[in-house]
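Given next are the chains, with one letter for each unit.
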Amino acid sequence: MGLPRLSHRTAADGGRAQESRAALADENPRWGHRRIQGELARLGHSIAASTVWEILHAAGIDPAPRRSGPTWRDFLTAQAQGILAADFFHIDTAQGKRLYAMAFIEHGTRRLHITGVTAHPTAQWTVQQARNVAADLGERGAKPRFLLRDRDSKYTDAFDAVFTAEDTQVLLSAPRAPRMNAHCERMIGTIRREALDHVLILGESPRRENARALADNLRSSGRFEVIGSGLE
């Protein structure tokens with residue numbers, strides 16, 4: 001393996017300093033801003049890593065190693081027809097108790113699957129929701145290429161296995177990065193405004209009726225196509 005290229009022009013002074021740092025990034029696309037800071041320090045240039053990041057950002061240079069590849073937004077747009085996203089959202093009852101619903105959203109069609117509602121979303125319950133949505137998709141002959149989810153501990157290997165058995169690749173969003181699953185975040189926000197603000201949930205039981213009432217309210221708003229075996 002050859003050594004990374006380190007051009008002498010990166011040691012330029014004065015008005016060429018910013019251009020030099022950007023050039024160093026271009027010549028070494030696998031280097032991040034901290035690596036570039038270290039190399040500059042070896043050449044006698046003292047600069048904070050945050051300053052290097054700001055210079056690269058201003059120059060339109062993406063973080064390594066995706067400087068020449070598609071962005072996450074590009075990927076979501078290009079693969080929309082094959083992406084199924086999963087997330088939880090909560091429902092507060094009239095008695096002040098909190099219920100949890102499982103939602104799956106098909107990116108390409110915006111179809112919403114609400115597969116169940118429970119007061120205790122255990123890992124085992126979550127696996128059953130995966131089976132529910134897989135059954136819904138199977139009945140329509142739909143086969144997503146990707147499942148997008150966060151890193152919640154309720155998503156276990158058994159949950160993922162429901163999808164990998166159908167050759168669906170599981171994609172994990174980065175920690176504390178809800179925007180990576182922005183479709184779900186926006187959909188859940190709409191659910192709150194269009195439905196939850198207009199539904200009075202009296203208690204935890206019967207949960208199937210709660211789920212059905214929520215789905216009916218979403219359908220009646222005209223904004224959602226709601227399907228799901230867990231609601232029948």
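Located above this text is the structure these notes cover.
Rules of the game
- Residues numbered from 1 in each chain as written.
- Predicted model: local features only at pLDDT ≥ 70, side-chain atom pairs only at ≥ 80, totals over all residues.
- Heavy atoms only, no water.
- Buried < 20%, exposed > 50% of the residue type's maximum accessible area, 1.4 Å probe, protein only.
- Helix = DSSP H or I, 4+ residues; strand = E, 2+ residues; numbered from the N terminus.
- Arc of directions from axis to C-beta.
- Contact = heavy atoms within 4.5 Å.
- Core = buried A, V, L, I, M, F, W, Y, C linked by side-chain atoms within 4.5 Å.

Novice: Teacher, can you tell me more about helix H6 (residues 157-164) here?
Specialist: Those residues of H6 that sit buried are Phe159, Asp160, Val162 and Phe163. Viewed along the axis of H6, the buried residues span an arc of 145°, placing them on a single side of the element. In this fold, the buried residues of H6 make contact with strand S1 (83-92), strand S2 (98-106), helix H5 (123-140), strand S4 (146-149) and strand S5 (169-172).

Novice: Is there a simple way to think about unusual backbone geometry in this case?
Specialist: Excluding glycine, residues mostly have negative phi values, and the peptide bonds linking residues are mostly trans. Notably, Arg110 is not glycine yet its phi reads approximately 65°, a positive angle. As for its position among the elements, Arg110 is in the loop between S2 and strand S3 (112-118). Judged by relative accessible area, which is 42%, Arg110 ranks as partly exposed. Positive phi, normally seen in glycine, also occurs at Asp167, with a value near 65°. Tracing the backbone shows Asp167 in the loop between H6 and S5. A relative accessible area of 64% means that Asp167 is categorised as exposed.

Novice: What is the right way to look at the environment of His107 in this model?
Specialist: Within the secondary structure, His107 sits in the loop between S2 and S3. On a C-alpha basis, the gap between His107 and Thr77 in space is 8.9 Å, while along the polypeptide they are 30 residues apart. Apart from the residues lying within four places of it in its own chain, the contact partners of His107 are Leu76, Ala80, Ile83, Ala85 and His183.

Novice: Quick question: what am I supposed to make of the nonpolar core here?
Specialist: One recurring pattern in soluble globular proteins: nonpolar side chains tend to sit buried together. Counting 21 residues, the largest nonpolar core has Phe89, Ile91, Ala101, Leu112, Leu148 and Ile191 as its most contacted members. Mapped by element, the contributors of at least two residues to this core are S1, S2, S3, S4 and helix H7 (182-194). Judged by nonpolar contacts, the second largest core, of 16 residues, contains Leu84, Val127, Tyr155 and Val162.

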